[in-house]
Structure formats: structure tokens, C-alpha cells
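Fold and contact review
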Amino acid sequence: MVVDVITIFPAMVEAALTEGVVARARSSGVVDVRVRDLRDFTTDRHRSVDDVPYGGGPGMVMKPEPLFRAVDAIAAERGQPAAVVLMTPQGRRFTHETAARLSRTSPLIVICGRYEGIDERVTSALVTDELSIGDYVLTGGELPALVVIDAVVRLVPGVVGDAESVEGDSFVRGLLDHPHYTRPAEFRGLPVPETLLSGHHGEIEKWRARERVRRTWERRPDMLTGAALTAEEQRTLNELKLNELKLDELKDGD
Ligand code: 4GX
């Protein structure tokens, strides 16, 4: 998969792509991620990438010319992009489904905005997908772009070794993950749950299924509408619902 990132802070983006799973995927040649300095596509003496907003107001706006030149140059080198992504709080929420789709979309261009935003002609003529990583305002699109690239790259076949560890992802399964433990069996008086030490795989899977449902019920009840549950997971959910009904009856005093 081919990805190009356009940014005014290439060192910041490159640093994060030079560690861990993404770095390994790059050196093994499974993904080809290149970071482009937007200032390399300017033509003026000051290498300007921003200007004052038409209509007035605070802050600066990213100029269209360097972004158009950058996208044109990247397209000439790497082929017509299958998607041009802009990171912005105005975008649709980035989810696992979007990550999965983008992992099958190549070549990909990701634009990191700074300042108050970018000239709308870039958005309307070049950008195919406006994405937001959440409802908070950051100082730029670099961290969001890194979030997207990290989530996308690990879904590219051959990047995460064990296919099971991707298919078992909580947002693939529609449930939160169960708790994890490693040695020692007791740490500062805190034990690992008995069942996990038993070596009884049937019981271990049952315990984990129950924990996934219990956690999702407590922390993310919104996820339980539409989750495809195993028999054990469904049993646990029914039990939790029944408990809630009983509690309600007690509170009502009837
Ligand atoms: N999820 N920001 C982008 C500048 C900007 C504004 C508008 C283009 C259009 C963000 C987020 C985010 C802050 C990145 C403003 N660029 N991006 N930046 N949340 O807050 O993606």
C-alpha cells in the first residue's frame, strides 16, 4: 500500500512512523509511506503556506497553490490517488470501518491542515474524504493523520503477524476486550483469576466471553445494539438484563 502525507511538520510525522509496527511494515516493504514537506511545493522566496482569510477574522488559512502543486506532483510520481483524505474536526468520525476501507485504498494521500483551516477550493476540488478523530480541537492535522495511518496500516495483510489478533479486535467483534493477565500469578497481593490458571480452555473462553459482555454493558452499552454475540456472550447479556429488571422491581417496591 502506498501512502503520502502532506504536512508543514515532516519531522514530527516521520518520527512517529519510524517506531513499532508501522516502521517494521515500511522496512519490510509491505507499505510505502512517504512524508512530504508542503513548503517544498511553494514558489515564493518565503515559502509561504498560509495567508489572511478573505472576509477578515482571526487566524490564517492554508493557501491553495502549494497543496494543489503537492497533490499534482505526488499523483505524477505515484499514480492517481484512490483517495485524498483531509484531517479536520468538520469531517466524518474515523471508525474501524473507515480504517478497513482505507486499508484497501491505494495510493492514498493524507493532508494535515494547520491554522484555522484550508482554502475551501482544496476541499472541494481535491479532497475525497474529510475525517475527524473525535470531538476536540487540536493544533493541527498531524496527530490525527498518524492515528489514521496507524489504524489503517495494521489492517494491511501481512503487517500484523497473527491474522487472529486483527480479527479478534474489539471493534471487529463489536464488543470490548476481556481483561488480560501475565505472570506472576500473584503480584502485591493481587491474584490472577483462578479460571485463567486452570488450563481448562473451555472454561477460560467462557470466562473471557462473560468479561467482554460485562465490560461492554458497563462501559459501552451503545455497542450492544447490533453486536453479533456467541451463545456464551448472549447468555451473559441475558443474565445482566435480568439482573437489571430485578433491581428495578426492588427500587419500585413492588
Ligand atoms: N480530527 N484539527 C486540523 C486545522 C484545520 C481546520 C479545518 C483543515 C480544516 C482534528 C480532529 C483537529 C484541528 C486538525 C484543526 N485543517 N483533525 N486543524 N479533531 O482538531 O481531525
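As a reminder, the structure under discussion sits directly above these lines.
Let us look at the structure shown here. Here the structure is a predicted model, which is why all the values come from computation and not from measurement.

1. A short note on the site of the ligand
What surrounds the ligand is a group of 20 residues, the closest being Ile133, Gly134, Tyr136, Leu138 and Gly140. The separation between a nitrogen atom of the ligand and a polar main-chain atom of Gly134 is 3.2 Å. Here Tyr136 contributes a backbone N or O atom positioned 3.0 Å from a nitrogen atom of the ligand. Summarising the interface, the protein chains cover 94% of the accessible area of the ligand, which totals 460 Å² for the free molecule. If you list the elements that add at least two residues to the shell around the ligand, you get strand S5 (83-93) and strand S7 (129-132). By residue class, the composition of the shell around the ligand is 10 nonpolar, eight polar and two charged.

2. Thoughts on the packing of helix H10 (residues 201-219) against helix H11 (residues 231-252)
Where H10 meets H11, the closest approach of the two axes is 8 Å, and the angle between their N-to-C directions is 45°. Taken as axis vectors, H10 and H11 run oblique relative to one another. Like other packed secondary-structure pairs, H10 and H11 cross with a definite hand, here right-handed. Between H10, through Lys206, Ala209, Arg210, Arg212, Val213, Arg214 and Trp217, and H11, the contact on the second element is made entirely by Glu232, Glu233, Thr236, Leu237, Glu239, Leu240, Lys241 and Glu244. Broken down by class, the residue content of the contact of H10 with H11 amounts to five nonpolar, one polar and nine charged.

The rules behind these values
Residues numbered from 1 in each chain as written. Predicted model: local features only at pLDDT ≥ 70, side-chain atom pairs only at ≥ 80, totals over all residues. Heavy atoms only, no water. Near = heavy atom within 4 Å. Polar contact = N/O pair within 3.5 Å; in protein donor to acceptor, adjacent residues only side chain to side chain. Areas by Shrake-Rupley, 256 points an atom, 1.4 Å probe, with all protein chains shown as cover. Helix = DSSP H or I, 4+ residues; strand = E, 2+ residues; numbered from the N terminus. Nonpolar A, V, L, I, M, F, W, Y, C, P; charged D, E, K, R; others polar. Axes fitted to C-alpha atoms, helices over the stretch in contact; angles between N-to-C directions. Parallel < 35°, antiparallel > 145°, perpendicular 65-115°, else oblique. Left-handed = near helix turned anticlockwise from the far one by under 90°. Contact = heavy atoms within 4.5 Å.

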